[in-house]
Every structure is written in structure tokens, then in C-alpha cells.
Number of protein chains: 2
Amino acid sequence: MNKTQLVAEINKKQSFLCVGLDTDIKKIPQYLLKCEDPIFAFNKEIIDATAQYAVAFKPNTAFYEVYGSKGWYSLEKTIHYIKENYPEIFVIADAKRGDIGNTSANYARAIFDGLGADAVTVAPYMGLDSVEPFLGFDDKWVIVLALTSNKGSQDFQYLEVNGHHLYEEVLTKAASWADSNKMMFVVGATHPEELGGIRKLLPEHFLLVPGVGAQGGDLDAVAANGLNKDCGLLVNSSRGIIYAANDEHFAERAAEEAEKLQKKMSLNLIKK
Amino acid sequence: MNKTQLVAEINKKQSFLCVGLDTDIKKIPQYLLKCEDPIFAFNKEIIDATAQYAVAFKPNTAFYEVYGSKGWYSLEKTIHYIKENYPEIFVIADAKRGDIGNTSANYARAIFDGLGADAVTVAPYMGLDSVEPFLGFDDKWVIVLALTSNKGSQDFQYLEVNGHHLYEEVLTKAASWADSNKMMFVVGATHPEELGGIRKLLPEHFLLVPGVGAQGGDLDAVAANGLNKDCGLLVNSSRGIIYAANDEHFAERAAEEAEKLQKKMSLNLIKK
């Protein structure tokens, strides 16, 4: 998917919502456990219920790998289901991969060709040749970790280098490897003040913003600091939507939570 | 596996060789393609042929993920085969994972409980809570990326922070999270001079050293700079061993290459 298509979808739905499919078998309604593939059965209902409010889905690979090859199969089915039924929705494999070039090339094929995702999150620590293999696919995106939403973001990302923070060094250096048609950055919703500075540094790039909801980030503060002329934000919510209920009404309740966020997003888009 | 067991195996075999199982279907002997699972068939022969010279095997997850759920199944079978037949050999899942705590906990279960590996490589960028979930398993190890073997190691790892390089900050900070019975570090063989400084900084820790062979690192230089009283090194070779031949003699030829490295290692252990 290219940037024009993504922006068109945002404008059409008046939403920049990404629904995180961090599906945990211990948290889904227990009656689904009798299905052949409970994870996929759950995802399918969540996808159908929230697709009208969301412009992106983001399965996190860890939640599938934990079930081994069967889990990986559930992930394959999930992404194929989205792409077959909602081809206009952007799919992010939240995998945080990154290795030497030869190896990253395999991750890129796994995620873009194998899973069919539109984008992948990558860790920057190993530098350009660990990111480059992900850049060689038409209409596919690389989302580089810059300032993450977790407490551990304090450990290295705020270190002072070259007169600024390491995360700023990552942002500017990685942005020199690919433009805003191919690269996005992860910036946690738990850092709203930094978001304003990041938006000044990179006026064009989309930012994937996790951490709204369960992790405590505030949507309005994110929008106020992060929106640009194209919108430029994908704000993710996982647990707050997909686990809104864990009975037979879970999909309806997920849709309600997704709609609430979409309405808030719509107000912010109008304001801008 | 604990440190005493690992050191005992090193002493017994007079080897600190790790064989990297980066199995690429395009590089294995073509007659194996008629097997039901060519990747596993190849690995099985490589494992049986080289186990007497190696103290560790290191499958890189990218080379399995590229084949989707089937590839993940080949990886599961490979690690289970090693653990059943060579329980004394250390198995490293080279996965370079790392995410927020809640998610890293799933990666840890995937790799330690699901795959049954003894160790996993992790990326440091997201800090303590991204690494911590991997530390909560008895006799399991975390191997943190410090100074990687690739060209991209120049992009961020050598940045100056707090009067030293970022990789040194990673080494000292991460070493405060777990001791040398639970944590190792990745230091590429392509940086032999830095290896001496790293050994001074961390006299006790094992270092996993990739980059000997295809990537140009020199074993003797690594040994001269990196060995400690326990050995303290696991030197990995992948392509130089597993693709030594691609006809029906591939396993014998892999064994010969592994033996050559083991002999060199033995000389270095005696010298020390």
C-alpha cells in the first residue's frame, strides 16, 4: 500500500486507528477454545467488528510465536483474512526484527512475501544494512523503533549523543535511508512532549504511536503534538479494544471501544 | 544448561565452536528437496556430523520464518532433535527479539518453553523491561547484542555517550541486570581490537562471537583477545561449515571444516 492510499483511507474513515491484534489465549472468551483455531476465530470476529473504524491492524508476532508453528499458522491466516476482506486496511507485522543483511533479507521475505503484511517494525541497533533489505519491496514499509512506550525507553534512547538524544540520532539517521513514502517511526504515546519535537524534526513521516489505553498514553495529547498535513499518525490500541469484554459480546464491545477512539480522532482531524 | 555444564563441555571437547544453522533451501544439496522436510533433513545430517566438534548450535530464526509456519515447524524439530540426541550441547535461538515486557514474556515462552532453546539473542534498544522477561527461566540465557559483526555496527554502536561508545554503555548497563551465569553478549569477530577492551570491561562473561569465516573475522585474533579463565567464548561459524559442499558429501565436508576450527580452538585453549 502506498502513502496516497493510506491517507485516502484515513480521510474516508476519519480515523487513524490501528487495532493491535495481541491475541492471548488466556484472555479471549473461553467458549472460543472449542474452535479448531481459537486465536484465528477471535481475530476474525475482532477484525470484522472493528474494520469500519480502523485504518490499520497490527498483529504482534510474539503472541503467535508463543504457540509455535501452529501460532505462526494462525498469524498467516489472520493477515490473509484481512487482505482478502479488507484490502484497503494497512497491516503491520509488529515483529521488531533486525539482523545482518543476509538474515534481514529472510525476515523481509517472511513478512512481506510470506505473511503479506504492508509494514514491519524493525529495531535500529544494528544499523543500515540490517534495515536496508526491508526497503527493497514496492509499496511496503519499514517502521523503525525510535522512542518506545515502555519504561526501558529511559535506559538507552535518552542517552546524549552528538548534543541530542539517541532516539533523535536514530530518527535523523534512519530518515536519511528512506523517505516518508517508505519509512515510519515508532514513538510511544507515553512521551507526548517529545512527540512535538519529533514532528518538527520529521514533518513528513508517519509515526506509529502505541501506548494509548492500557499503557497510559493520551490520544488528544498525541494528536495535538503529532498530526501533520497528511494526518501522519497511526495510533494503536490493543488491549483496550480487543479485551473490552470476554463473553459472547466481545466483538460488539470491541467495536464500541474502536468507535469511541475513531470519534475522538475525527474531532482531532477536524480541529487540525 | 548452566555455566558449569557449558564449561565442562568446552573442556571435554577442547572446543568453543558454535555451528550456525542458517539453512537456506537454495544452498542445500538439491537431492534433499525430495525429502518431506528438506530443511530438517539437512540440519539432522549437519548436526550428527558436527556434534563431536561443537559445543553449541545456533539456528537463526529468520531462515525458518521465511518458510512460514512450515519453517517454524522445521525449527521446532531441529531444536528438539538436538536436545534429544545431544543434550549436552548448548542451543542458541538467534532471534534478536525484544519488545515491551508483556510482549517479551511471550517471546521468552516461545523460545525457552516452546522451542526448548537454552539461550536467545536479544536487541538492547528497548532497555531493561524488554530484556527482563527472558531472565526469569532457570538455566536459560540471554545474549545481548553489543557490538555486531556487520557494517551497520558503525551507525549507532560506536556513537560516543558518557565518554565511551554506545556498545560499552550497553555492555555495562546490561551486565548490571544479570550476572555471567545468565547473560552473554554478542561481539562480532570483525572487531578483534575492541574485543580486548570488552574482555577487560567484563572479565567473567561469555561472549558469542559471530563473523568468523564468510564475514572475514580471524579465529586466532578472537581467541587472543577474548579467552578468559573459563574460556568465555563461543565462536560461531555458519556458512563456512554448513555449505562446505553441496553434494552428497556435504555432511562429511561440514565435519571436516568443523574439525579444522576445533583443532585451532584446541591450540588456543592450550596456549592460554
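Everything below is about the structure printed above this text.
Heads up: these notes are all about the structure in this document. (Residues numbered from 1 in each chain as written. Chains lettered and ligands numbered in written order. Predicted model: local features only at pLDDT ≥ 70, side-chain atom pairs only at ≥ 80, totals over all residues. Heavy atoms only, no water.)

1. Brief notes about the overall build of chain A
Applied cut-off: In this description a helix means any DSSP run of H or I spanning at least four residues, a strand means any run of E spanning at least two, and both kinds are numbered starting from the N terminus. Only C-alpha atoms enter the radius of gyration; for comparison, a globular chain is expected to reach 2.2 Å times N to the power 0.38, where N is the number of residues. Exposure classes here rest on a 1.4 Å probe applied to the protein chains alone. A residue is buried below 20% of its type maximum, exposed above 50%, and partly exposed in between. In this analysis, two residues are considered to be in contact whenever any of their non-hydrogen atoms come within 4.5 Å of each other. Here Asp and Glu are counted as negative and Lys and Arg as positive; His is not counted, and neither are the chain ends. Where a charge sits is defined by one atom per residue type, namely NZ (Lys), CZ (Arg), CG (Asp) or CD (Glu).
Scanning chain A from N- to C-terminus turns up twelve helices and ten strands. Scaling as 2.2 N^0.38, a compact globule of 272 residues should have a C-alpha radius of gyration of about 19 Å, and chain A matches this with 18 Å. By its C-alpha atoms, chain A is 55 × 45 × 35 Å across when sized along the principal axes. Residues counted as buried form 67% of the 272 residues belonging to chain A. Residue pairs in contact within chain A that sit at least 24 positions apart in sequence constitute 73% of those at least 6 positions apart. Of note, chain A has its 28 positive side-chain charges centred 2 Å away from the centre of its 36 negative side-chain charges.

2. Here's the deal with the side chain of Asp129 of chain B
The test is simple: Each polar contact in these results corresponds to two N or O atoms within 3.5 Å; when the atoms are within protein, one needs to be able to donate a hydrogen and the other to accept it, and residues that are neighboring in sequence are counted only if both atoms are side-chain atoms.
Following the sequence through the fold, Asp129 of chain B ends up in helix α6 (residues 128-131). At a separation of 3.0 Å, a polar atom in the side chain of Asp129 of chain B contacts the side chain of Asn150 of chain A. Discounting chain neighbours no more than four positions away, the residues touching Asp129 of chain B are Asn150, Lys151 and Gly152 of chain A together with Asp99, Ile100 and Gly101 of chain B.

3. Points about helix α9 (residues 192-201) of chain B
Regarding α9 of chain B, the residues found buried are Pro192, Glu194, Leu195, Gly196, Ile198 and Arg199 of chain B. Buried residues along α9 of chain B sit against β5 (141-147), α8 (166-175), β8 (183-187), β9 (207-209), α10 (219-226) and β10 (233-237) of chain B.

4. Considerations on the relation of the copies chain B and chain A
What counts here: Alignment of copies: least-squares fit on C-alpha atoms of residues with pLDDT of at least 70 in both copies.
Each copy superposes on the other: chain B lies on chain A with an RMSD of 0.0 Å after a rotation of 180° and an axial shift of 0.0 Å. The two molecules are tied by a two-fold rotation axis, judged by turn and shift. When each C-alpha of chain B is compared by its distance to the rotation axis, Ser69 of chain B comes out closest, at 2.4 Å. Here 100% of the contact residues of chain B are again contact residues in chain A; the copies associate through an equivalent surface.

5. Notes on the interface of chain B and chain A
Selection criterion: Here the quantity called buried area is the total loss of accessible area, with a 1.4 Å probe, experienced by two parts when brought into contact, counted for both. For this analysis, a salt bridge means a side-chain nitrogen from Lys or Arg found within 4 Å of a carboxyl oxygen belonging to Asp or Glu.
Listed as interface residues are 55 residues of chain B and, on the opposing side, 55 residues of chain A. Buried area between chain B and chain A, summed over both chains or domains, comes out near 4,800 Å², and the portion from carbon and sulfur atoms is 58%. On the surface where chain B and chain A come into contact, there are four salt bridges. Of the charged contacts in the structure, one is a salt bridge between Asp99 of chain B and Lys96 of chain A, with a shortest N-O distance of 2.8 Å.

6. Structural notes on the environment of Ile10 of chain B
Residues and elements named next belong to chain B. Looking at the element boundaries, Ile10 is found in helix α1 (residues 3-13). Judged by relative accessible area, which is 0%, Ile10 ranks as buried. Distance from Ile10 to Asp220, taken between C-alpha atoms, is 17 Å for residues 210 residues apart in sequence. For Ile10, the contacting residues outside a window of four places in its chain are Ser15, Val55, Phe206, Cys231, Leu233 and Leu269.

7. Section: the sheet that holds β8 of chain B
All names here are of chain B. Quick reminder of the rule: Note: two strands are recorded as paired if DSSP finds a minimum of 2 bridges between them. Axis lines are fitted to C-alpha atoms, over the contacting stretch for helices. Their N-to-C directions set the angle, which ranges from 0 to 180 degrees.
As summarised here, the arrangement of the eight strands in space is β1-β2-β3-β4-β5-β8-β9-β10, forming a closed barrel in which the pairing is parallel. Mean inter-strand twist for the sheet, computed between neighbouring axes without regard to direction, equals 30°. Pairing of β8 with β9, which is carried by two bridges, proceeds in the parallel orientation. Bridging from a neighbouring strand, Phe185 pairs with Leu207 of β9. In the packing of α9 onto the sheet, contacts are made with β5, β8, β9 and β10, and the angle to β9 comes to roughly 165°.

8. Quick word on the packing of aromatic side chains
A ring pair, where both rings are aromatic, is described by two values, the distance of the centres and the angle of the planes. Stated precisely, the cut-off is as follows: We call Phe, Tyr and Trp rings a pair once their centres come within 6.5 Å, taking the six-membered ring for Trp, and we label the pair stacked below 30 degrees between planes, edge-to-face above 60, and tilted otherwise. Criterion for a charge above a ring: Lys NZ or Arg CZ within 6 Å of the ring centre, and within 35 degrees of the ring normal.
What the rule picks out here adds up to 15 aromatic pairs over all chains. Considering the side-chain rings of Trp72 of chain A and Trp72 of chain B, the 5.8 Å spacing of their centres and the 0° angle between planes classify their relative orientation as stacked. Residue Trp72 of chain A is located in helix α4 (residues 68-85), and its partner Trp72 of chain B is located in helix α4 (residues 68-85); the two belong to separate chains. A network of ring pairs unites the aromatic residues Phe42, Tyr243 and Phe250 of chain A as a single cluster. The ring of Phe156 of chain B has Lys173 of chain A sitting right over it, with the charged end atom 5.5 Å from the ring centre.

9. Describing the nonpolar core
For clarity, the threshold we go by: By convention a nonpolar core is built from buried Ala, Val, Leu, Ile, Met, Phe, Trp, Tyr and Cys residues, the set being connected through side-chain atoms within 4.5 Å.
If you look at the biggest cluster of nonpolar residues, it comprises 216 residues, and the most contacted ones within it are Phe16, Phe90 and Phe185 of chain A together with Phe16, Phe90 and Phe185 of chain B. In this view, Phe185 of chain B contacts Ile143, Val144, Ala146, Val170, Leu171, Ala174, Ala175, Leu202, His205, Phe206, Leu207 and Leu208 of chain B; residues no more than four positions away in its chain are not counted.

10. Comments concerning the environment of Asp48 of chain A
Residue and element names in this part refer to chain A. On the secondary structure map, Asp48 appears in helix α2 (residues 38-50). Judged by its relative accessible area of 36%, Asp48 is partly exposed. Once residues within four sequence positions are removed from consideration, Asp48 is found in contact with Tyr81 and Tyr86.

11. Brief notes about the packing of α9 of chain B against α10 of chain B
All names here are of chain B. The test is simple: Orientation is classified from the angle alone, with under 35 degrees giving roughly parallel, over 145 giving roughly antiparallel, 65 to 115 giving roughly perpendicular, and any other angle giving oblique. Take the far helix as the reference: if the near one is turned anticlockwise from it by less than a right angle, the crossing is left-handed, and if turned clockwise, right-handed. Gly is placed with the polar residues, together with every amino acid not listed as nonpolar (Ala, Val, Leu, Ile, Met, Phe, Trp, Tyr, Cys and Pro) or charged (Asp, Glu, Lys and Arg).
Look at α9 against α10: their axes get within 8 Å of each other, and the N-to-C directions meet at 20°. Our classification of the angle between α9 and α10 gives roughly parallel. For α9 against α10, the interelement crossing comes out right-handed. Contacts between α9 and α10 pair Pro192, Leu195, Gly196 and Arg199 from the former with Ala221, Val222, Asn225 and Gly226 from the latter. Each residue belonging to the contact of α9 with α10 can be placed in one class, and the counts come to four nonpolar, three polar and one charged.

12. Overview of the sheet that holds strand β3 (residues 90-97) of chain A
Residues and elements named next belong to chain A. Taken in spatial order, the eight strands close into a barrel running β1-β2-β3-β4-β5-β8-β9-β10, and their pairing is parallel. Ignoring strand direction, the axes of neighbouring strands in this sheet form an average angle of 30°. Here strand β1 (residues 17-21) pairs with strand β10 (residues 233-237) via three bridges, running parallel. In the strand pairing of β10, Leu17 is matched with Val235.

13. Some remarks on the environment of Leu128 of chain B
The residue Leu128 of chain B is located in helix α6 in this model. Contact partners of Leu128 of chain B, with chain neighbours within four places excluded, come to Gly152 and Asp155 of chain A together with Trp177 of chain B.

14. Some points on the pairing of β8 of chain B
Residue and element names in this part refer to chain B. Test applied: Seen with the strands pointing away from the viewer, any crossover whose path from the first strand over the helix to the second strand runs clockwise is right-handed.
Most of β8 sits inside the fold, with five of its five residues counted as buried. Neither face of β8 is open: one carries Met183, Phe185 and Val187, the other Met184 and Val186, and all of them are buried. Relative to β8, β5 runs parallel, the two sharing five bridges. Paired with Val142 across the strands is Met183, a residue of β8. Crossover β8 to β9 through α9 is right-handed.

15. Structural notes on α4 of chain A
Rules: Under the convention used throughout, the expected extent of a helix is 1.5 Å for every residue step, that is, one less than its residue count.
Between its first and last C-alpha, α4 of chain A extends 26 Å over 18 residues, near the 26 Å set by a 1.5 Å rise per residue. Along α4 of chain A, the positions that sit buried rather than exposed are Gly68, Ser69, Gly71, Trp72, Ser74, Leu75, Glu76, Thr78, Ile79, Tyr81 and Ile82 of chain A.

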